Amino acid sequence: AAAARPAPLRVFILTIVLNCLYAVFCKSIGKVFLMTAASRTSLNLSAGYYLGALLGCLFYFLIYVLAASASQLTWNITFGSFVIALLLYASSPASPAVLTLTSLLLGISSVMGMISMYYILGVIGKKHDSIRYVRCSVVIIGIAGGLAAILLGKLLAAWGERSSIIAVSVSAVAVVILLMLSPGLARIYFHENWSDDSRKPEIDNEQNYIFAKYSLSRRETELCRLFLEGYTMRQIAGMLGLSYATVNTYQTSLYRKLNINSRTELILMFKDYIRP
């Protein structure tokens, strides 16, 4: 049997970047402002934070039951609730209602991001049968994200209120920009087929091994699957948003790597892939 494919480099990098951003923004900056706000009021903001955490767990469950793009939506809610919380805090840092709502939103963003982070790592690691990927990701995220979170947290805690408000505004703008880029991020980060597997009760890697030894590109593998499912080149072109000539070029490259000349040979080669 062919060896399992390692996790794609771009998925590895984007996982690290996204989770480090979460650690820095939601876990450090958000928590620091919550602690700063709690020191200036008699309100029990921790209660609001933990209530938000419970709501975050509920939202996460409902999203994965009801939504089609669950992974993307959970990250958008994570960073979106964080941005709203900071903007509220910056607009009225002394208002009890604002402080309570801020703590609630920070609790939601903190827990939803934490669940998403480890769930995605687990799914990708399982998809590619790579415990090394999971271990490496956790270590890098822990070191890079954790150290940055501690340093930024201490820096913000030492600043005065005016500087803190400025830092809040800058952080909010930075996350808004990130959310504006999320469609482009989604096209790359969530395009890999592990995203579909994140909604399944169990991940089946058996079919991945069939393609692994041929060194096919992602697009060639995608084309090969569609050919085996019975789609024509024109149908595939429409499904993937490609021209017929581009699909034909991919088909030529695919056949060359597989050392075959026809669809019939392709079906015979991967007959184990085709299931009733």
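Everything that follows concerns the structure shown earlier in this document.
Everything quoted here is computed from the prediction, not taken from an experiment.

Visitor: Help me understand the overall build of the chain in this model?
Guide: In terms of helices and strands, the chain carries 13 helices and zero strands. Of the regular secondary structure in the chain, the N- to C-terminal order runs α-α-α-α-α-α-α-α-α-α-α-α-α. Scored against the burial criterion, the 276 residues of the chain give a buried share of 45%. If you take every contact in the chain between residues at least 6 apart in sequence, the share linking residues at least 24 apart comes to 77%. In the structure as shown, the chain presents an accessible area of about 14,300 Å², 65% of it carried by carbon and sulfur atoms.

Visitor: Sorry if this is basic, but what is going on with the pattern of salt bridges here?
Guide: It is possible for side chains of opposite charge to pair when their charged atoms get near one another. Tallying each qualifying case throughout the model produces two salt bridges. The salt bridge partner of Glu222 is Arg219, with a shortest N-O separation of 2.9 Å. Placement of both Glu222 and Arg219 in helix α10 (residues 218-228) is noted, with a separation of three residues, approximately one turn of the helix. Judged by relative accessible area, which is 16%, Arg219 ranks as buried. With a shortest N-O distance of 2.8 Å, Lys257 and Glu220 are connected by a salt bridge.

Visitor: Help me out: how do you make sense of the packing of aromatic side chains in this one?
Guide: If you walk through the whole model with that rule in mind, you get four aromatic pairs. With a centroid separation of 6.4 Å and an interplanar angle of 90°, the aromatic rings of Tyr60 and Tyr119 are classed as edge-to-face. Note that Tyr60 is positioned in helix α2 (residues 45-66) and Tyr119 in helix α4 (residues 96-127), a separation of 59 residues in sequence. The class for Tyr119 is partly exposed, based on a relative accessible area of 31%. Members of the aromatic cluster, each reached through a chain of ring pairs, are Tyr60, Tyr64 and Tyr119. Here Arg234 stacks its cationic end above the ring of Tyr244, 4.3 Å away from the centre of that ring.

Visitor: Would you explain the nonpolar core in this entry?
Guide: In a soluble, globular protein the nonpolar side chains are often hidden away together inside. Counting residues in each nonpolar core, the largest one holds 36 residues, and the members touching the most others are Trp75, Phe79 and Phe82. Residues Leu223, Leu226, Ala237 and Leu254 belong to the second largest nonpolar core, which totals 18 residues.

Visitor: I would appreciate a short explanation of the packing of helix α11 (residues 233-240) against helix α12 (residues 244-258) in the present structure.
Guide: When two helices pack together, their arrangement is given by the angle between their axes and by how far apart the axes lie. Following both chains from N to C, one finds α11 and α12 inclined at 110°, their axes separated by 9 Å at the closest point. Between α11 and α12, the interaxial angle falls into the category roughly perpendicular. As for how α11 packs across α12, the hand of that crossing is right-handed. In contact with Met233, Arg234, Ile236 and Ala237 of α11, α12 contributes Tyr244, Val247, Asn248 and Gln251.

Visitor: Just checking my understanding: could you explain the side chain of Gln251 for this structure?
Guide: Following the sequence through the fold, Gln251 ends up in helix α12. The exposure class of Gln251 is buried, given its relative accessible area of 13%. Aside from chain neighbours lying at most four places away, what touches Gln251 is Leu223, Phe227 and Met233.

Visitor: Would you explain the side chain of Thr102 in this entry?
Guide: Looking at the secondary structure, you find Thr102 in helix α4. What Thr102 contacts, discounting residues up to four positions off in sequence, is Ala85, Leu88 and Tyr89.

Visitor: Just to check I follow, could you spell out α12 for this structure?
Guide: Residues spaced three or four apart along an α-helix face the same direction, because each turn holds 3.6 residues. Over its 15 residues, α12 runs 21 Å from end to end, which matches the ideal 21 Å to within 8%, given 1.5 Å per residue. Taken together, the buried positions of α12 are Val247, Gln251, Ser253, Leu254, Tyr255 and Leu258. Where α12 is buried, its residues contact α10, α11 and α13 (263-269).

Visitor: When you look at the packing of α2 against helix α3 (residues 70-91) in this model, what are you seeing that I'm missing?
Guide: Two numbers describe how α2 lies on α3: the axes approach to 9 Å, and their chain directions differ by 150°. If you check the angle between α2 and α3, you find them roughly antiparallel. For the pair α2 and α3, the crossing hand works out as right-handed. Residue-level inspection shows Tyr60, Ile63 and Tyr64 of α2 in contact with α3, the latter providing Ala70, Ser71, Leu73, Thr74 and Ile77. Taken together, the residues that form the contact of α2 with α3 break down as six nonpolar, two polar and no charged.

About the criteria used
Here the residue index of a chain counts from 1 through its sequence in written order. Local features in a predicted model are, by the rule used here, given only for residues with pLDDT of at least 70; side-chain atom pairs are given and counted only at 80 or more, and totals for whole chains, interfaces and linings are based on all residues. Note that the side-chain values use all heavy atoms of the structure and ignore hydrogens as well as water. The helix and strand labels rest on DSSP assignments: H or I over at least four residues marks a helix, E over at least two residues marks a strand, and numbering proceeds from the N terminus. Working definition: with a 1.4 Å probe on protein chains only, accessible area under 20% of the residue-type maximum means buried, over 50% means exposed, and in between means partly exposed. Residue contacts are defined here by distance: any two heavy atoms, one from each residue, within 4.5 Å place the two residues in contact. Here the Shrake-Rupley method, with its probe set to 1.4 Å, supplies the accessible areas, and only the displayed protein chains count as covering residues. The salt bridge definition used is simple: a Lys or Arg side-chain nitrogen within 4 Å of an Asp or Glu carboxyl oxygen. Here a pair means two rings of Phe, Tyr or Trp (six-membered ring of Trp) with centres within 6.5 Å. Their orientation is stacked below 30 degrees between planes, edge-to-face above 60, and tilted elsewhere. Charges are assigned to positions over rings by a cutoff of 6 Å between ring centre and Lys NZ or Arg CZ, combined with an angular limit of 35 degrees from the ring normal. In plain words, nonpolar cores are sets of buried Ala, Val, Leu, Ile, Met, Phe, Trp, Tyr and Cys residues tied together by side-chain atoms within 4.5 Å. Each axis is a line fitted through C-alpha atoms, taken for helices only over the stretch in contact, and angles between the N-to-C directions span 0 to 180 degrees. Between 65 and 115 degrees an angle is taken as roughly perpendicular, under 35 as roughly parallel, over 145 as roughly antiparallel, and anywhere else as oblique. With the far helix as reference, a near helix turned anticlockwise by less than a right angle produces a left-handed crossing, and one turned clockwise produces a right-handed crossing. What a helix is expected to span follows from its residue count: subtract one and scale by 1.5 Å. Residue type decides the class: Asp, Glu, Lys and Arg count as charged, Ala, Val, Leu, Ile, Met, Phe, Trp, Tyr, Cys and Pro as nonpolar, and the leftover types, Gly among them, as polar.

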